[in-house]
Amino acid sequence: MGGLVEPSPDDPTSIHRPPIIVPLMGGCDPRARKEFSRSLVEKLDNVDRQVAKGLKKLDDAVTGYAFEMVDLPTNAYSMPPNSNSYPQEALDVEDDDDDNSLTELVKASLRPLDGSKLRIAHSTPSPHAMLRLVLECGIDLFDVPWVAEAADLGIALDFEFPARDGARERALETDEEDGQRSLIGHNLFDERFAQDLGPLGNSGACSSCWACKPTWVSERVIHSTLDGEQWEVSVDESGATLSSKGFSRAYLHHLLHTHEMSAYALLHLHNLAIADSFFANLRRVLASEGEERFKEEVIRFYQAYELPEQLFDEARARWKEVEDSRGKGRLKREREALSRINGTIDSTLPVVSPESEGLNDDGELTPKASAVAVILEGVEDLTI
């Protein structure tokens, strides 16, 4: 408890209380979570109060509360919110019919505590879950590990809040069935982006990141007339600035398949800009349009965008395919693949007698070993 107070750096005789964020414990048991929170607001006895330099309860020294979403059932947020989803009003009403839902577990921790203090959620898996946590639990602050993971897997995020009309039509999956929701991003490892010269995103949420609108302050280097078409001249407050067109999906696809580090740098810049726009618009809707309109926009977001699990799973598989094509163990993996193919070919070739081995129906020489060698050489050319 001595860590709750320390001498002030300006005045050693005064008490300085550092900001403390308390992780709220209790796992998936709402009663355990309730009891932990109540322990923070119980009055301290005289001995503990003296050690805490006058604190009446532990919560007096707490700046905010944190939730670790990895330990909680976030898959419950795969569906849009129900008609009773409100951040503060529902905190005072216990829902006995759904005590183990994510919302109820978070509320079980928050009910005994000060509602004016900071609420933080760590490792929230998707923008959908973030919107519901804001709407139903009043969470104030998030980290976004899935944004960085998306960049590491070659995904260019492409979503916006509020979801504009036509979000489904802007999806790149032209073979989608009517009514299917858009993905929140594009897996640029996919071969269909190899010749796609379009921008990284279609939603319009990112127009200022360096990947979508790179700017340069030095002289441009033009190697051919084609380079001149790439550049545009814009003027800002400091004077003339050279600005180029944004990097295309085809270019990022090429960088990813050639294992260039710049691909991940550009994707991180783009994805963080998408996340920044998402949170800026979230705050704007809450501040200017109220909770009821915010709830409507959350439901529209669910209707417009798919959850990210399938996109991320497919990206992990493609990333592994490209990663396995290089580096330590590559030659061994190729030899094993050729051996399996060789075994398959041998098992499908007909057994011939020594007298007729190497002869076809016309009596021409076609040695078995040579035929297999030709097939393996072709397969090897395709796999390397």
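Position numbers for residues start from 1 in each chain and track the written sequence from start to end. pLDDT decides what is reported in this predicted model: residues at 70 or higher carry local features, side-chain atom pairs at 80 or more are listed and counted, and totals for whole chains, interfaces and linings draw on all residues regardless. Computation of side-chain values covers all heavy atoms of the structure but excludes hydrogens and water.

**As for the environment of Asp276**
Note that Asp276 resides in helix H8 (residues 261–304). Three labels apply to residues, based on accessible area from a 1.4 Å probe with only protein chains included: buried if under 20% of the type maximum, exposed if over 50%, partly exposed otherwise in between. Owing to a relative accessible area of 52%, Asp276 belongs among the exposed residues under this scheme. As for Asp276 and Cys206, which are separated by 70 residues in sequence, their C-alpha atoms are 9.1 Å apart. The helix count covers DSSP runs of H or I at least four residues long, the strand count covers runs of E at least two residues long, and both are numbered beginning at the N terminus.

**Considerations on the sheet that holds strand E3 (residues 21–23)**
Here we have 4 strands laid out as an open sheet, ordered E3-E4-E5-E6, and parallel in their pairing. Each of the sheet's edge strands pairs with one partner strand only, and the pair in question is E3 and strand E6 (141–142). Strands pair, by our definition, only if DSSP identifies at least two bridges between them. Alignment of strand E4 (residues 64–68) against strand E5 (residues 118–122), held across 5 bridges, turns out to be parallel. Across the sheet, Gly64 pairs through a bridge with Leu118, a residue of E5.

**Brief notes about unusual backbone geometry**
Pro162 follows Phe161 through a cis peptide bond whose omega is -5 degrees. By the secondary structure assignment, Pro162 is in the loop between strand E7 (155–157) and strand E8 (185–187). Although it is not a glycine, Ser123 sits at a positive phi angle of roughly 60 degrees. Mapped onto the fold, Ser123 is located in the loop between E5 and helix H4 (127–137). Even without glycine at this site, His259 takes up a positive phi of about 60 degrees.

Geometry only, nothing functional implied.
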